[in-house]
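# What the coordinates show
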Amino acid sequence: MALIHLTSGWTLKLLLAAVQVAAIWPAPRVQLEGSTPVVLSPAFEIIFAPPSNLCPDLSAAITRTNSYLLNDHFSRVVVGRGSGDRALLHGAHSLDRLELALSPSNASAAPSSLLVEVNKAYEDLDEAYTLEIPGEVVGDVEGPVGADKSARITATSELGLLRGLQTFVQLVYSLPGGVDSSDETEVPLGHFAAPPALRYILNTPLKIVDSPAFPHRGFMLDTSRSYYPIKDIERTLEVMSWAKLNVFHWHVTDAQSWPLVIPTHPKLSERGAYSPDQVYSPADVAHLEEYAASLGIRIMLEVDVPGHTASVAEAYPEMVVCAFLESWTGFGNEPPTGQLKLGDPVVQTFAEDVSTFAAGLVGSRYFSTGGDEINSRCYLEDPTMDPTTVASPDALNAALSTFVTGVHDALRKIDKVPVVWEEMVLAHDIALENDTIVMVWISSANVNSVALEGYRIIHAASDFFYLDCGAGGWLGNSSSLNSWCSYNTWSKSYSFDPYANLTAEQRPLILGGQALLWSEQADPNNLDSIAW
């Protein structure tokens, strides 16, 4: 439900509304409501308030918003789907326009672009906005907006204006036909034309002041185990924008396939992808990044190393140890087995080159090198490993540390910040730099252990946010097999406390969280039903 906070200048009469506006997702920080509805004029328009020195990206956002308003026909989730509102709308105040305005301090600045804004460092992201919708003045009710015909979104960034547009869309309900349900339009015999839909907003005057609680609000999709065409990723990005999610974590490669085209190493996708048609070229990535940015979303790519790299062996078998073992149990969490060889200068250079190329495909400062589920036995029992590298657990750990820090140092040279899974901190003794970001996935109980090491954290706990959990076991032929993790209901996910077991001093380490969909049992056919 929406949050209601009262401030000076607004009296309790503003809360006499018959129905509270509760369609905004996520709930805004501050929401002040009146008690009268407004209807959108048939000529309703969205315009830039002068000076109109805004980035061209917002023109596309306005077009998209108008399409939502005209075509989505949202109705209230109540008995009768809001048909009872029709009586309230007779003689209601009309809203002619929505103005977009940068705050005075930024109005004269050179226009930015959404691509630049979404790719700013976490600490520099600015998504705040204020939305004011006028309403008919009743009695002595006073407020910051008068009974005019213009609503306004004000922000200090174009990204904030974009968030405000999404909120505005969520406030608008629709009823078929005009205010009078008996309205009919004369049309030639044999034709039918319904009156234009009635679009309206309840409980005005309305003021919303909003900004996100966390700078990372993400969704992860695994496109290695199952390939997802561009159109499916585009649709996913659009739905993400409706909930103001701002990070698409693209787990683009894994053991099962390598769909990412690396021009300096073309054999990776030529031999590692499921088919020549199931690949993502640099042009595809650039297109998706531009599309995501237009929706206020950054793309964070992940190329997981040194584990989960059996697909590399299709192109470069000499670089991968214990690849494609038939008796895979004990050498990996799932088939196919295979990990990049440690202690090999050629493999080290390969990993650094591939990681930096992939990271450079997008403008995001953040790039995930993975690092989860590294299997020691795979190294210790492979005859091609250098004996000095596997002489002892400490020697193997030292080789792993050298590998990881080498890849991370290469990323920092191109101004990228490494992101890793929690094992890099909790399961191995790796010399990680303090700027490294850690995704905690095995259990939410492990967050405190990572926080004690002082690393910034992204919540990705399997016990709250894994969308593939509970789908049943898929390894083997027994009908009694269960998933390794229990199904996460929506109510459990939303019960998550991002600050559980953390001190006040540790709370700033939390960047946010994300839902994750691994694709062992997901593909384009059930993507929407699982994710949303």
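Anything mentioned here points back to the structure above.
In short, a report on the structure.

Our next topic: the pairing of strand S8 (residues 247-251). For S8, the tally of buried residues reaches 5 of 5 residues, placing the bulk of the element in the interior. Side chains Val247, His249 and His251 of S8 all project onto a buried face; the interleaved residues Phe248 and Trp250 project onto the opposite face, where all are buried too. Where the polypeptide runs from strand S7 (residues 216-222) across helix H5 (residues 230-242) and back to S8, its parallel neighbour, the crossover connection is right-handed. Pairing of S8 with strand S9 (residues 298-302) involves 5 bridges; the strand directions are parallel. Of the residues in S9, the one forming a bridge with Phe248 is Ile299.

This part is about the pairing of strand S6 (residues 198-210). Within S6, 11 of the 13 residues are buried, which leaves it mostly tucked inside the rest of the structure. Summarising the sheet, strand S1 (residues 30-48) and S6 pair through 7 bridges and their orientation is antiparallel. Counted as the bridge partner of Glu33 is Leu206 from S6. Sheet analysis places strand S5 (residues 173-175) next to S6, joined by 3 bridges and oriented antiparallel. Residue pairing across strands places Ser174 opposite Arg199, the latter belonging to S6.

This part is about H5. The terminal C-alpha atoms of H5, which comprises 13 residues, lie 19 Å apart, in line with the 18 Å expected from a rise of 1.5 Å per residue. Buried residues belonging to H5 abut helix H4 (158-171), S7, S8, helix H7 (282-294) and helix H15 (527-531).

So, how was this worked out
Residues numbered from 1 in each chain as written. Predicted model: local features only at pLDDT ≥ 70, side-chain atom pairs only at ≥ 80, totals over all residues. Heavy atoms only, no water. Buried < 20%, exposed > 50% of the residue type's maximum accessible area, 1.4 Å probe, protein only. Helix = DSSP H or I, 4+ residues; strand = E, 2+ residues; numbered from the N terminus. Right-handed = clockwise from strand over helix to strand, strands pointing away. Pairing = 2+ DSSP bridges. Expected span 1.5 Å × (residues − 1). Contact = heavy atoms within 4.5 Å.

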